[in-house]
Each structure stands twice: as C-alpha cells, then as structure tokens.
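# Observations on the model geometry
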Amino acid sequence: MQQTWRWFGPDDPVTLEKIVQAGASGVVTSLHHIPTGAAWPLAEVQKRKAQIEARGLTWSVVESIPLHNDLKTRTGNWRELLDNYKESVRNVGAAGVHVVCYNFMPVVDWTRTNLDYALPNASRALRFEMTDFAAYDVYVLAREGAEHDYDPELLERARARLDAMSDDEKALLEKNIIAGLPGGEGSYDRDGIRAAIAEFIALGNEGMRANLFAFLEEVIPVAEEAGVRMCIHPDDPPFSLFGLPRVVSTADDARALMAAVPSVHNGLTLCAGSFGARADNDLIGMVREFGPQIHFVHLRNIRREADGSFYESEHLDGDNDMVGLIGALLDEEARRTGEGRTDRIPMRPDHGHALGDEIGQAGVNPGYSYGGRMKGLAELRGVIHALEHLRR
Ligand code: DNO
C-alpha cells in the first residue's frame with residue numbers, strides 16, 4: 001500500500017515538510033482555491049504537482065473534484081458544470097495524476113455534531129450524536145415533518161438535551177452541522193440549508209440515483225481516455241440526514257453504481273470509517289467483492305452506539321477489524337501483482353485525534369491534526385509491515 005497524507009494546500013498548517021517527516025510518500029489534495037463548479041486549468045494542476053514533487057512527494061490522489069449541487073440535481077446550468085467537470089478530469093489526467101475521489105452526498109459533505117469530544121485519555125475526537133442531530137433538525141431548523149423521522153423516545157431525549165444547552169452551545173452545534181468541515185462542500189445559513197434540503201428531498205432516492213448514473217455515463221468514458229481512475233467516496237455518515245436521499249451507503253449501493261457503468265475507472269474509495277459506521281456493512285467482504293475497483297482507502301475506526309451515534313476511535317481500536325481489513329487489501333494488491341499490475345492502493349490515515357498542544361489550538365483542522373494522524377499512520381504502518389513480513 002502506498003502511504004499518503006491529506007494536505008489542504010499551501011495554507012495548511014501541516015506543511016509538505018511535516019508530511020515528509022511523518023513518513024508518507026504520497027499526497028492527497030485538491031485545488032481548494034478553485035470555486036466548486038469551475039474547470040481546473042491544466043497549468044494550475046501542473047503548478048500544484050510541481051510544488052508537491054519539489055518536496056520529493058507524489059500527488060497520488062485528487063480528493064476531491066467536488067460536484068456542484070446543481071450537477072447533482074441536474075438543474076440550473078448543470079450542462080456547463082458537467083463540461084467543466086470533464087475538463088478538470090482531462091487536465092488532471094494530462095498532468096499525470098491518475099486517481100480522483102469525489103462524492104455524491106446531497107447538501108452537506110461529511111457531518112459531525114461534536115468536534116471536541118473528550119476521550120478518557122483527554123485527547124479529542126470527532127463524534128456524531130443522534131440526539132444532538134435530532135435536536136437540531138427538529139427543534140432548531142424546524143424542518144417540516146422532521147419529527148416523523150425519529151422515534152418518540154429519541155425526540156424526548158433531544159428536546160431535553162436542547163433545553164439544557166446554553167445559547168453558545170446551541171450556536172456551536174449549528175455551526176458544526178451546517179457551516180462545513182474541512183475539505184467539505186457547502187457552508188449554509190439556516191434559510192439556505194432549508195432550501196437546499198427541500199430541493200434534494202423532492203428528488204428522492206430514485207431521482208438521486210438516476211442522476212448519479214447519468215453523471216457516471218458521461219464522466220467515466222472521459223476518465224478512461226484520460227487515464228484517471230474515479231473513486232466515489234461513501235456517504236458520511238452512511239444513512240439519511242435531514243430526510244435527504246442517500247445513494248452511496250452500502251455494498252448494494254456500490255454494486256449498483258458499478259453495474260450502471262461497468263469499467264475499472266468507475267471505482268470506489270473504501271472509507272472504513274464511513275462504511276463502518278453501519279454495523280451491516282462488511283468491510284472485508286467489500287474488499288473481496290470490489291477489490292479491482294478500490295482505488296483509494298481511508299483507514300479510520302469508529303465505535304458505534306445503538307441509536308446510530310458513533311465517535312472516531314483509535315485507528316486500531318474500534319468496531320472495524322483494521323488488521324483484517326489491511327490483510328484483505330494486501331491480498332488484493334497481491335492479486336493485482338499477479339495480473340501484472342504495478343499500482344499500489346493509496347491509503348491515508350483518515351482523521352486523527354487532537355493530542356497535546358494541538359487540543360483547542362486555533363488553525364488545527366478538525367480531524368486533521370498533525371500528531372493524531374501521525375500516530376494513526378505509525379500504527380497502521382506497523383500493521384502493514386507486520387502482515388507483509390508474515391507473508392514472505
Ligand atoms: C472527510 C473526508 C470527506 C471527503 C469527501 C470526498 O474527512 O473524507 O470530506 O474528502 O467527501 O469527496
């Protein structure tokens with residue numbers, strides 16, 4: 001596996017130099033300065049690539065070329081947005097970057113309710129708590145019909161939770177949910193998010209899936225020509241939020257989108273933390289089934305709770321069998337080698353806890369601390385080395 005690290009570009013406090021020191025060889029990044037929906041000029045891609053290579057690193061994966069909401073709903077000037085998307089894919093391929101991660105989540109990208117969840121050892125983790133989310137959805141946003149999406153007992157807890165919150169705590173909860181997390185798309189105010197939610201709810205699961213397939217039919221042939229392997233990131237969390245459609249949450253979803261446009265270029269980002277937040281997703285089974293089309297992995301662990309809540313746990317200590325998963329990915333790489341393929345699966349330590357001085361420090365991107373990710377990478381690297389050694 002190729003060890004990579006997410007970098008948010010020249011403004012990221014975790015610099016390329018630090019990435020080299022953490023021991024990664026690949027960089028995962030995006031052109032964050034280009035507005036969503038605009039085409040990425042070849043010269044901009046080349047410039048960023050040269051910057052990365054000047055540090056002795058490789059630009060392994062683009063995460064992400066984000067899709068504008070209008071491209072997901074196929075409304076407004078979606079045709080132009082689609083042309084721009086294709087141009088970006090072509091230019092990324094022309095510059096020699098061959099893997100592109102993207103997602104098809106409606107309205108909000110990855111979502112958490114608490115970005116500062118204290119663990120027993122006083123480090124801080126990211127958490128999604130269903131009670132808080134329901135409290136926001138039903139009683140703050142007051143989305144129409146939202147109360148029908150939660151059971152009465154949960155609603156009671158949510159009401160009590162909200163009543164006990166100070167105004168500052170309520171404001172923080174709202175900010176965490178709708179203001180957008182690092183690398184995510186979409187930052188809303190209350191009215192803005194209400195309108196966006198209504199538009200996607202009207203589309204429904206079937207409409208949303210049809211739009212995804214239509215997107216793939218157009219983009220995958222371009223990716224094939226450009227030598228780019230597209231890999232869709234699953235919904236995070238992998239269940240409906242705000243009553244919105246969700247079409248990339250399970251193995252069935254992945255199977256359907258791959259069958260819609262069969263091509264090795266129509267692949268998957270196996271995000272262990274996202275898929276793993278559902279107990280009915282079998283990660284190792286997914287590697288066995290979708291192996292040749294897994295172009296990128298996010299290695300992250302979680303602890304699940306009965307009501308759908310979860311928090312991000314230590315990389316090796318959670319509900320995901322990380323050692324088993326890495327073993328299955330190494331099997332897949334061996335299979336590729338047998339076929340004469342030389343490409344390695346890029347992995348990145350996904351998220352990390354805030355530790356030591358980074359706790360509460362301004363400018364540390366939630367989930368993207370230096371220390372926590374370095375710890376995660378070191379532990380995962382240990383597993384990779386050990387399993388490779390045992391296979392010799
Ligand atoms: C969160 C990330 C996501 C991911 C996008 C991919 O940490 O995994 O923001 O980059 O959803 O398009």
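All values derive from a computational prediction rather than experimental measurement.

## Focus on the sheet that holds strand β10 (residues 302-304)
Backbone-to-backbone hydrogen bonds pair the strands of a sheet. The strands run either parallel or antiparallel. Here we have four strands laid out as an open sheet, ordered β5-β6-β11-β10, and antiparallel in their pairing. Single-partner strands in this sheet number two, and they are β5 (114-118) and β10. Each neighbouring strand pair of the sheet contributes to a mean axis angle of 35°, computed without reference to strand direction.

## Describing the packing of helix α5 (residues 130-140) against helix α7 (residues 167-178)
Relative to each other, α5 and α7 sit at 100°, their axes nearing to 11 Å. Here α5 lies roughly perpendicular to α7, going by the angle between them. Taking contact as the criterion, the partners of Asp-132, Phe-133, Tyr-136 and Val-140 in α5 are, on α7, Leu-173, Glu-174, Ile-177 and Ile-178. The residue makeup of the contact of α5 with α7, split by class, is six nonpolar, no polar and two charged.

## Thoughts on the environment of Tyr-136
For Tyr-136, the location among the structural elements is in helix α5. Sequence-wise, Tyr-136 and Ser-309 are 173 residues apart; in three dimensions their C-alpha atoms are separated by 15 Å. When neighbours within four sequence positions are excluded, Tyr-136 is seen to be in contact with Leu-141, Ala-142, Leu-173, Glu-174, Ile-177, Ile-178, Arg-190 and Phe-242.

## Considering the state of the cysteines
A disulfide bridge is the covalent bond that connects two cysteines by way of their sulfur atoms. Throughout the structure, instances matching the rule amount to zero disulfides. Counting only cysteine sulfurs, Cys-101 is the nearest neighbor of Cys-231, a cysteine outside any disulfide, at a range of 5.1 Å. In this structure Cys-231 comes out as buried when scored by relative accessible area, which is 0%. Its sulfur unpaired, Cys-271 is 8.7 Å from the next cysteine sulfur, which belongs to Cys-101.

## Details of the pairing of strand β2 (residues 26-29)
Covered by surrounding structure in β2 are Gly-26 and Val-28 together with Val-27 and Thr-29, the residues of both alternating faces. In terms of strand pairing, strand β1 (residues 2-6) meets β2 through three bridges, oriented parallel. Among the inter-strand pairings, Trp-5 is bridged to a residue of β2, identified as Val-27. Since β1 and β2 lie parallel, the crossover through helix α1 (residues 16-22) that links them has a hand, and here it is right-handed. Where β2 meets strand β3 (residues 58-63), four bridges bridge the pair, whose relative direction is parallel. Directly across from Gly-26, in β3, lies its bridge partner Thr-58. In this fold, β2 hands off to helix α2 (residues 42-53), which returns the chain to β3; that crossover is right-handed.

## Overview of α2
Given a rise of 1.5 Å per residue, twelve residues ought to cover 16 Å, and the 16 Å separating the end C-alpha atoms of α2 matches this to within 8%. What α2 keeps buried is the set Val-45, Arg-48, Lys-49 and Ile-52. One side of α2 holds all its buried residues, which, seen down the axis, span an arc of 100°. Seen from the buried face of α2, the exposed residues on the opposite side, beyond 90 degrees, are Ala-43 and Lys-47. Looking at the packing, one finds that the buried side of α2 touches α1, β2, β3 and α4 (78-94).

## Points about the site of the ligand
Near the ligand, the surroundings consist of 14 residues, among which Glu-63, Ser-64, Asn-103, His-351 and Tyr-368 are the closest. Within the side chain of Asp-109, an N or O atom sits 3.0 Å from an oxygen atom of the ligand. For the ligand, the accessible surface in isolation is 330 Å², of which the surrounding protein chains cover 99%. With three residues, strand β4 (residues 99-103) is the single largest residue contributor to the shell around the ligand. Here the shell around the ligand is built from residues that sort into five nonpolar, five polar and four charged.

## Things to note about the pairing of β4
Counted residue by residue, β4 has five buried out of five residues, so it is predominantly covered. Of the two faces of β4, both are covered, the one formed by Val-99, Cys-101 and Asn-103 as well as the one formed by Val-100 and Tyr-102. When β3 meets β4, the two strands line up parallel, connected through two bridges. Counterpart to Glu-63 in the pairing with β4 is Cys-101. For β4 and strand β7 (residues 229-233), the ladder comprises five bridges, and the chain directions are parallel. Residue pairing in the sheet places Cys-101 in a bridge with Cys-231 of β7.

## Examining unusual backbone geometry
The amide bond that connects Glu-63 to the next residue, Ser-64, takes the cis arrangement and shows omega of -5°. Examined against the element boundaries, Ser-64 turns out to sit in the loop between β3 and α3 (69-73). Residues other than glycine seldom take positive phi values, yet Ala-122 does so here, at roughly 75°. Looking at where Ala-122 falls in the secondary structure, it is placed in the loop between β5 and β6 (124-128). Accessibility expressed as a relative area gives 41% for Ala-122, which makes it partly exposed. Its identity as a non-glycine residue notwithstanding, Ala-142 has a phi of 55°, on the positive side. With respect to the helices and strands, the residue Ala-142 is situated in the loop between α5 and α6 (152-163).

How each quantity is defined
- Residues numbered from 1 in each chain as written.
- Predicted model: local features only at pLDDT ≥ 70, side-chain atom pairs only at ≥ 80, totals over all residues.
- Heavy atoms only, no water.
- Pairing = 2+ DSSP bridges.
- Helix = DSSP H or I, 4+ residues; strand = E, 2+ residues; numbered from the N terminus.
- Axes fitted to C-alpha atoms, helices over the stretch in contact; angles between N-to-C directions.
- Parallel < 35°, antiparallel > 145°, perpendicular 65-115°, else oblique.
- Contact = heavy atoms within 4.5 Å.
- Nonpolar A, V, L, I, M, F, W, Y, C, P; charged D, E, K, R; others polar.
- Disulfide = S-S within 2.5 Å.
- Buried < 20%, exposed > 50% of the residue type's maximum accessible area, 1.4 Å probe, protein only.
- Right-handed = clockwise from strand over helix to strand, strands pointing away.
- Expected span 1.5 Å × (residues − 1).
- Arc of directions from axis to C-beta.
- Near = heavy atom within 4 Å.
- Polar contact = N/O pair within 3.5 Å; in protein donor to acceptor, adjacent residues only side chain to side chain.
- Areas by Shrake-Rupley, 256 points an atom, 1.4 Å probe, with all protein chains shown as cover.

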